[in-house]
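Tertiary structure, described
Residue strings, one per chain:
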Amino acid sequence: MRHGQEKSTSVLIGIDVGGRTVAVHYRQDSDAAGVVEKITASGGRAFSFAADLAAPDTGTAFWAAYDAAAGPLRDAPVRVLVNNAGISLRGTIEEFSAEDFARQQQVNDTAPFLIIQAGLPRLADGGRIVNVSSGATRVAIPDIIGYTMTKGALDALTLPLAQHLGPRGITVNAVVPATIDTDMNASWLRGNSDLIADLGAQNALGRIGEPEDVADVVGLLASHDARWITGQLVDATGGFRL
């Protein structure tokens, strides 16, 4: 099996304390410190905390780690929850072990479900949940079949959750990117100019995506401007295989 990498910042939490504070979750990556530094350098407030999304008690353990890092902010209402967790284990169905499949499923869709479930009492009415899915759910890419299944489950979570939380004014949407130049894709993408050109040619906009291309869509859905958008899968692929 050809393994990808786990994203360093898996979940982002926006806390309403008279101006947003961002809690940056990570597993064991030091990159979260860089994210916090960028936020604070631009005048924002942020802190980071670690939690293993592969653990069976993900929901309670995640929020316990959050509380320990948040200190006096732990009781502040959560306004935005961005589920950006992802492990991309590359391989066809013949190449997948049951163990790898189960771990990918745990991190990519079970963990977001349990984090949302355990976090609902903290989520403010009128809040936002944004799930990060994948354009692989609408095209056939056999060598990421397990990843595609997990992101399909995240899509399936979005619609009923939007209906369920609608009475509280909480919107739930999913952002659907295609290939993005992130650390998770670095091992097979960066430095391969022919592949980058080929993937870019499959997008209507003629290039692969940058993190900012997706972050801006997430930012929109997390904002007041998107207050009337819920239960949607928002394509942010740059027109992948239209």
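Residues numbered from 1 in each chain as written. Predicted model: local features only at pLDDT ≥ 70, side-chain atom pairs only at ≥ 80, totals over all residues. Heavy atoms only, no water.

1. With respect to the overall build of the protein
Test applied: Under the DSSP-based scheme used, a helix requires at least four consecutive residues in state H or I and a strand at least two consecutive residues in state E, with every element numbered from the N terminus. It is over C-alpha atoms that the radius of gyration is taken, and the globule rule equals 2.2 Å times the number of residues to the power 0.38. Each residue's exposure class comes from its accessible area (1.4 Å probe, protein chains only) as a fraction of the maximum for that residue type: buried when under 20%, exposed when over 50%, partly exposed otherwise. Working rule for contacts: check all heavy atoms of both residues, and any pair within 4.5 Å makes them a contact. We get accessible surface area from the Shrake-Rupley algorithm with a probe of 1.4 Å; when it comes to residues, only the shown protein chains can shield them. Residues scored as positive are Lys and Arg, those scored as negative are Asp and Glu, and His as well as the terminal groups of each chain are ignored. The location of each charge is read from NZ of Lys, CZ of Arg, CG of Asp or CD of Glu.
On a plain count of helices and strands, the protein comes out with seven helices and nine strands. Radius of gyration (C-alpha) of the protein: 17 Å, near the 18 Å computed for a compact globule of 242 residues. Seen along its three principal axes, the alpha-carbon backbone of the protein occupies a region of about 50 × 40 × 35 Å. Put simply, the protein has 242 residues, and 48% of those count as buried. For the protein, contacts bridging at least 24 residues in sequence account for 72% of all contacts bridging at least 6. Here the protein has roughly 11400 Å² of accessible surface; of this, 56% comes from carbon and sulfur atoms. Considering the protein, the positive charge centre built from 19 side chains and the negative charge centre built from 27 side chains are found 6 Å apart.

2. Topic: the packing of helix H2 (residues 58–70) against helix H3 (residues 98–119)
Note the following rule: Lines fitted to C-alpha atoms define the axes, with helix axes restricted to the stretch in contact, and inter-axis angles between N-to-C directions lie between 0 and 180 degrees. Should an angle lie under 35 degrees it is considered roughly parallel, over 145 roughly antiparallel, and from 65 to 115 roughly perpendicular; all remaining angles are considered oblique. The hand of a helix crossing depends on one turn: near helix anticlockwise from the far one by less than a right angle means left-handed, and clockwise means right-handed. Under this grouping Gly is polar, as are all residues other than the nonpolar Ala, Val, Leu, Ile, Met, Phe, Trp, Tyr, Cys and Pro and the charged Asp, Glu, Lys and Arg.
Look at H2 against H3: their axes get within 8 Å of each other, and the N-to-C directions meet at 65°. Looking at the two axes, H2 sits roughly perpendicular to H3. Pair H2 / H3 crosses with right-handed handedness. Contacts between H2 and H3 involve Thr 58, Gly 59, Thr 60, Phe 62 and Trp 63 from the former and Gln 106, Ala 111, Leu 114, Ile 115, Ala 118 and Gly 119 from the latter. Within the contact of H2 with H3, the residues separate by chemical class into six nonpolar, five polar and no charged.

3. Digging into unusual backbone geometry
Notably, Arg 241 is not glycine yet its phi reads approximately 50°, a positive angle. Examined against the element boundaries, Arg 241 turns out to sit in the segment after strand E9 (233–236). Arg 241 gets classed as partly exposed once you look at its relative accessible area, which sits at 41%.

4. What to know about the environment of Ala 65
By the secondary structure assignment, Ala 65 is in helix H2. Residues Ala 65 and Phe 49, spaced 16 residues apart in sequence, show a C-alpha to C-alpha distance of 6.5 Å. Leave out the neighbours within four places in its chain, and Ala 65 touches Phe 49, Ala 50 and Ala 51.

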